[in-house]
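One-letter residues, chain by chain:
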Amino acid sequence: MDKVLLLYSGGLDTSVMVKWIQKEMKKEVVTLTLNIGNSNLEEIKEKAISLGVSDAIVMDVKNEFADNYIKKEIFADGMYEGYPLSTAIARPLMAEKAVYYAREYGCNTIAHGSTGKGNDQVRFEVTVKAIDENINVIAPVRDWNMNRPDEISYAKKNGIKIPKDGKYSVDENIWGRSAEGSTIENISNPLEDDVYEWVSPLEETGNGETVDLEFVNGIPHAINGNEFSLEEIVEKMNIIAGRNGIGLINHMEDRVTGIKSHEVYEVPGAMAILHAHKMIESLTLNKYEIDLKEYMDSQWSNFTYNGLWHDPVMEHINDFECSVNKYVNGKIKLKLYKGNMIMKSIESDNSIYNYEKISYDNSNFNQDSARGFIDIYKNNTVYTNNARKQKISVMQ
Ligand code: ARG
């Protein structure tokens, strides 16, 4: 009998799926639950077992998530429409593990809990197919068209304990927390306070605090002089930046399925780390590197958002990002205050900033040459305007 490997969160959707696959599709189910945030793996495993699955695999992959996915996003200053990608970088990891365990446990089908309107179905399915085209993928929530009341009555009929789902649809991992649905869907409705969990309201933040972040080869590796793993740095920065009101993003977003949606993100650690990273880049990379990097970064973010993590072009983009990030070393002192991040000081052994050349206090820079430089530099603009008899009007 063919078995199905189900990416299982323990929530209502995926619990209903277990029973549905067993009863209606007449297939055995193996569940896979990955902790990339704060999932209670033991509790979820017990729940899966109580639903009669043949195996319930649970794994903590936070470290791997930080070292192989968040790291690449920091390299690429990953942002989509102004927010750091969090859900989008977790999906490839989940799909890859699903393929691995599907093979291990003899499952020819992978099931996930995404709906038909969002990005995640695209990310899961393209990733699975990029790795192994012969694995079937099913998304029962999308395919049955069941709504919540249908699911609740199915759950009751089949003895599934109905979890107390929150008001919003939340996706969370250590890099960010995203909320959508419910009252967020009505965009004229002011955001309600119960959306936020990670970022303190500005009224409740104090006098701010100063934090030193040190980067080695593009990756933060110490906070206030103490070294930590990337996973720990992200978690610590979520707390430090979150309590200073940093990282709340309430915006409209363009999904890959062509619809606009209203989403709320809490990304305090990610915002602080990416801001610090960009500041160190501005000190250690030259203008041409920065210009090219901006283009590569935006491509990286679009491909990642759009579910194309394993498109071959990503290998080239990641190679560029890795190469340029070897110069992104140094230390920055940031004052975090009521949602602001103010640079207090910055230093780097790879600094390109040249005090001698820039200072008005000395004559190390040959200002005489500037006249000749401008005389030639102007030519492109002046000759073109002359050729076109361009009149540029000037006003009083
Ligand atoms: N729209 C975001 C993205 O595609 C996040 C969606 C996460 N899901 C949720 N139910 N909050 O990256």
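Preceding this paragraph is the structure being described.
Everything numeric here is computed off the predicted structure, so don't read it as measured data.

Visitor: Help me understand the packing of aromatic side chains in this model?
Guide: For any pair of aromatic rings, the description rests on two quantities: the centre-to-centre distance and the angle between the ring planes. Tallied over the entire structure, the rule returns 11 aromatic pairs. Seen in terms of ring centroids, Tyr80 and Tyr305 are 3.6 Å apart; in terms of plane orientation they differ by 10°. Their pairing is stacked. With Tyr80 in the loop between helix H3 (62-75) and helix H4 (87-104) and Tyr305 in helix H10 (residues 287-305), the pair connects residues that are 225 residues apart, well separated along the chain. Each member of the pair Tyr80 and Tyr305 is classed as buried. Ring-pair connections join several aromatic residues into one group, and the members of that group are Phe65, Tyr69, Trp300 and Trp309. Directly above the ring of Tyr305 sits Arg123, whose terminal nitrogen or CZ lies 4.9 Å from the centroid. Against the face of Tyr337 rests Lys335, its NZ or CZ located 5.6 Å from the ring centre.

Visitor: What am I meant to see in the site of the ligand here?
Guide: The immediate surroundings of the ligand are formed by 13 residues, with Asn119, Arg123, Ser169, Ser178 and Glu263 found nearest. Here an oxygen atom of the ligand and a side-chain polar atom of Asn119 are 2.7 Å apart. Side-chain polar atom of Tyr265 to a nitrogen atom of the ligand: 3.3 Å apart, as the coordinates give it. Look at the ligand: alone it shows 350 Å² of surface, and the protein chains cover 93% of it. The element that contributes the greatest number of residues to the shell around the ligand is strand E6 (residues 169-173), accounting for three residues. When its residues are assigned to classes, the shell around the ligand shows four nonpolar, four polar and five charged.

Cut-offs applied
- Residues numbered from 1 in each chain as written.
- Predicted model: local features only at pLDDT ≥ 70, side-chain atom pairs only at ≥ 80, totals over all residues.
- Heavy atoms only, no water.
- Phe/Tyr/Trp six-rings, centres within 6.5 Å; stacked < 30°, edge-to-face > 60°.
- Helix = DSSP H or I, 4+ residues; strand = E, 2+ residues; numbered from the N terminus.
- Buried < 20%, exposed > 50% of the residue type's maximum accessible area, 1.4 Å probe, protein only.
- Lys NZ or Arg CZ within 6 Å of the ring centre and 35° of its normal.
- Near = heavy atom within 4 Å.
- Polar contact = N/O pair within 3.5 Å; in protein donor to acceptor, adjacent residues only side chain to side chain.
- Areas by Shrake-Rupley, 256 points an atom, 1.4 Å probe, with all protein chains shown as cover.
- Nonpolar A, V, L, I, M, F, W, Y, C, P; charged D, E, K, R; others polar.

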